[in-house]
Amino acid sequence: MIPAHYYHLLALLITGMVLSVWFKKLTTPAAVTGGICGLLVYAGAGYTGIVAMTAFFVTGTLATAWHTNEKQKLKAAEDDHGKRNTSQVLANAGVAAIAGMMFIILPAYQHLWALAIAASLSAATADTLASELGTVYGKRFYNIITWQPDQRGLDGVISLEGTLIGVGGSLLIAGIYFAGFGSAWLMAIVIFAGTIGNLADSILGAALERKGIIKNDAVNFLNTLIAALTAMGLFMVF
């Protein structure tokens, strides 16, 4: 007999999928992919993971829609008015889903996989908010590699304001993790790892994406992977 909470989870995920397609925030295949990612995230981090994933999606959607006209003038707005496809969903939530799958395979390391999920979503949230809102509210913009002034909206260009907004995004996910698992030390790791992932995203953008070597989805996936590995490394060392 299937436990009742699984029916509740499926109802929640299906509702989210339908609403995301209805409001044109995800394509239908992307919504299905997001639902599968949600199931795996739940496996690894329970409802805490689902809340963190939802927080990423909601804040990212709102940030993408904020001052769209201004960002379009800079060619910094997402294609299709922020409607995400399957590749974009996997780029942001794929690492979290993999960590959830690893819990199924190696359940003895649940705390490690839950931390990896939180760190990857922390980085995804930090990157999205820093990119979308930093472009709007940043005052001075610099190339993260050369530290020379550069044009806002370009790959690898950061601002102090955007970076701090990104830290705020990591703090949001870390707060959710703390509420679910109750460890201030691991909460600090989630914030730190998310910030490292966000900065790594900018470095990859300046060094590789701007030159056409890799695309944005690959940068986002690597950003979340770096955050997850950073958190796991700190967990095992300390």
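Attention in this report is confined to the structure presented alongside it.

1. Examining the overall build of the chain
In step 1: Counting secondary structure elements, the chain contains eight helices and two strands.
In step 2: Secondary structure elements of the chain, listed N to C terminal, follow the sequence α-α-α-α-α-β-β-α-α-α.
In step 3: The burial tally for the chain puts 47% of its 238 residues in the buried class.
In step 4: Accessible surface, the chain as shown: approximately 11,900 Å² in total, 70% of it carbon and sulfur.
In step 5: Here the chain holds 13 positive side-chain charges and 12 negative ones, and the gap between their average locations is 5 Å.

2. Comments concerning the packing of aromatic side chains
In step 1: For the coordinates displayed, the defined rule picks out three aromatic pairs.
In step 2: Judged by centre distance (5.1 Å) and plane angle (70°), the rings of Tyr42 and Tyr47 are edge-to-face.
In step 3: For Tyr47, a relative accessible area of 35% puts it in the partly exposed group.
In step 4: An angle of 85° between the planes, with centres 5.9 Å apart, marks the rings of Trp185 and Phe238 as edge-to-face.

3. Thoughts on unusual backbone geometry
In step 1: Residue His67 is not a glycine yet carries a positive backbone phi of 55°.
In step 2: With respect to the helices, strands and loops of the structure, His67 is situated in the loop between α2 (28-65) and α3 (68-73).
In step 3: At Trp147, a residue that is not glycine, the phi angle is positive and equals roughly 60°.
In step 4: Here Trp147 is to be found in the loop between β1 (142-143) and β2 (157-158).
In step 5: On the basis of relative accessible area, Trp147 is assigned to the exposed category, the value being 53%.

4. Overview of the packing of helix α5 (residues 110-137) against helix α7 (residues 184-209)
In step 1: Between α5 and α7, whose axes approach to 7 Å, the crossing angle comes to 45°. Accordingly, the angle class assigned to the pair α5 and α7 is oblique. The handedness of the crossing between α5 and α7 comes out as right-handed. The segment α5 lies against α7, with Leu115, Ala118, Ala119, Ser122, Ala123, Ala126, Asp127 and Ala130 engaging Leu186, Ile189, Val190, Ala193, Gly194, Gly197, Asn198 and Asp201.
In step 2: Grouping the constituent residues of the contact of α5 with α7 by class yields 10 nonpolar, four polar and two charged.

5. Focus: the environment of Thr146
In step 1: Note on placement: Thr146 falls in the loop between β1 and β2.
In step 2: Remark: the alpha-carbon pair of Thr146 and Ala206, spanning 60 residues in sequence, is separated by 9.4 Å.

6. Let's talk about empty space enclosed by the protein
In step 1: Taken as a whole, this structure holds one cavity of 30 Å³ or more when the rule is applied.
In step 2: Of the volumes computed, that of the largest cavity is approximately 40 Å³.
In step 3: Taken together, Ala45, Thr48, Gly49, Ala52, Ala114, Ile117, Ala118, Tyr177 and Phe181 form the lining of the largest cavity.
In step 4: Those elements that place two or more of their residues in the lining of the largest cavity are α2, α5 and α6 (160-181).
In step 5: Residue contributions to the lining of the largest cavity peak at four residues, all from α2.
In step 6: Split by residue class, the lining of the largest cavity holds seven nonpolar, two polar and no charged.

So, how was this worked out
Residues numbered from 1 in each chain as written. Predicted model: local features only at pLDDT ≥ 70, side-chain atom pairs only at ≥ 80, totals over all residues. Heavy atoms only, no water. Helix = DSSP H or I, 4+ residues; strand = E, 2+ residues; numbered from the N terminus. Buried < 20%, exposed > 50% of the residue type's maximum accessible area, 1.4 Å probe, protein only. Areas by Shrake-Rupley, 256 points an atom, 1.4 Å probe, with all protein chains shown as cover. Lys, Arg positive; Asp, Glu negative; His and termini not counted. Charge placed at Lys NZ, Arg CZ, Asp CG, Glu CD. Phe/Tyr/Trp six-rings, centres within 6.5 Å; stacked < 30°, edge-to-face > 60°. Axes fitted to C-alpha atoms, helices over the stretch in contact; angles between N-to-C directions. Parallel < 35°, antiparallel > 145°, perpendicular 65-115°, else oblique. Left-handed = near helix turned anticlockwise from the far one by under 90°. Contact = heavy atoms within 4.5 Å. Nonpolar A, V, L, I, M, F, W, Y, C, P; charged D, E, K, R; others polar. 1 Å grid on protein atoms, 1.4 Å probe; cavity = no way out; pocket = protein on both sides within 12 Å on 5 of 7 lines; lining within 4 Å. Points joined across faces, edges and corners; volume = space filled by probe spheres on them.

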